[in-house]
Amino acid sequence: MAYDEEQARKSRVVVETPTERREVVHSQSVRDNSGISAGMVGVLVVVAIALITMLVLFWISSQPTTDNANVAATQPTTVVQQPAPVQQPPVIVQQPAPATQPPPIIVTPPAGGTTAPSTAPPAETVNMDSTIQAAVDKKISDDPDISTLGITASVLDGKVTLLGTVKTEALKTQVEKLVKQVKGVKSVDNQLMVVAE
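Residues numbered from 1 in each chain as written. Predicted model: local features only at pLDDT ≥ 70, side-chain atom pairs only at ≥ 80, totals over all residues. Heavy atoms only, no water.

Visitor: How would you sum up the overall build of the chain? Please name residues and give values.
Guide: Counting its regular elements, the chain contains four helices and seven strands. Counting from the amino terminus, helix and strand elements in the chain follow one another as β-β-α-α-α-β-β-β-α-β-β. Counting only residues that meet the buried cut, the chain has 13% of its 197 residues in that class. Sequence separation of at least 24 residues holds for 54% of the intrachain contacts in the chain that already meet a minimum separation of 6. Carbon and sulfur atoms make up 59% of the accessible area of the chain, which totals about 16700 Å². (Helix = DSSP H or I, 4+ residues; strand = E, 2+ residues; numbered from the N terminus. Buried < 20%, exposed > 50% of the residue type's maximum accessible area, 1.4 Å probe, protein only. Contact = heavy atoms within 4.5 Å. Areas by Shrake-Rupley, 256 points an atom, 1.4 Å probe, with all protein chains shown as cover.)

Here it is, written out as structure tokens:
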């Protein structure tokens, strides 16, 4: 605080005591609060500078830049046309046939085109394979442990091919033994994969 802002009042008091006499000077400062303090003036100056800066930046950003407009006007515009994307063909996933329907039986003629008669007529072999197929499918679907595994069996000339996955080697062997019990099965090609979970 400056000395002009204060008015000092001084008063003199004489104090007498039995042993001595002394003079005590009391001073009291009175503050004049009618003006604005220096701290308040500083805050107002900082706020004014910030406000002016923001207004100048806003004004500059709203002005179009002539440099970029001139550069854009002098450069030729090129339009790049992209070819339309080629539509990919849909992916078709074929689900395996349900276990209740036997897989199709494919009969191929012997190589070389010989006309020698076979030991059994083809119609009889196909009929025998479809009977074995039905019996194998029934045996697999009747077993509660095996029916939920989704094992596929196909029969060709009495040979049964097993496809699918099982959890243990013992279960793989159990399925093979079950299929060998079916009447008319000559051999089993066990292609079951053991997948431990």
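Visitor: Please set out the environment of Leu192 residue by residue, giving values where relevant.
Guide: Secondary-structure assignment places Leu192 in the loop between strand E6 (187–190) and strand E7 (193–194). Judged by relative accessible area, Leu192 falls into the buried class, the value being 3%. The spatial distance from the C-alpha of Leu192 to the C-alpha of Thr165 is 5.3 Å, given a sequence separation of 27 residues. Dropping the residues within four chain positions of it, Leu192 is found in contact with Ile151, Leu162, Leu163, Gly164, Thr165, Val166, Lys172 and Val175.

Visitor: Residue-level account of the sheet that holds strand E4 (residues 159–163), with values.
Guide: Taken in spatial order, the three strands of this open sheet run E3-E4-E6, and their pairing is mixed. In this open sheet, the two strands that pair with only one neighbour each are strand E3 (152–156) and E6. Neighbouring strand axes in the sheet, compared pairwise and without regard to direction, differ in orientation by 20° on average. As paired strands, E3 and E4 are joined by five bridges and run antiparallel to one another. Bridge pairing in E4 places Ala153 opposite Leu162. In the packing of helix H4 (residues 169–180) onto the sheet, the strands contacted are E4 and E6, and the crossing angle to E6 comes to about 155°. (Pairing = 2+ DSSP bridges. Axes fitted to C-alpha atoms, helices over the stretch in contact; angles between N-to-C directions.)

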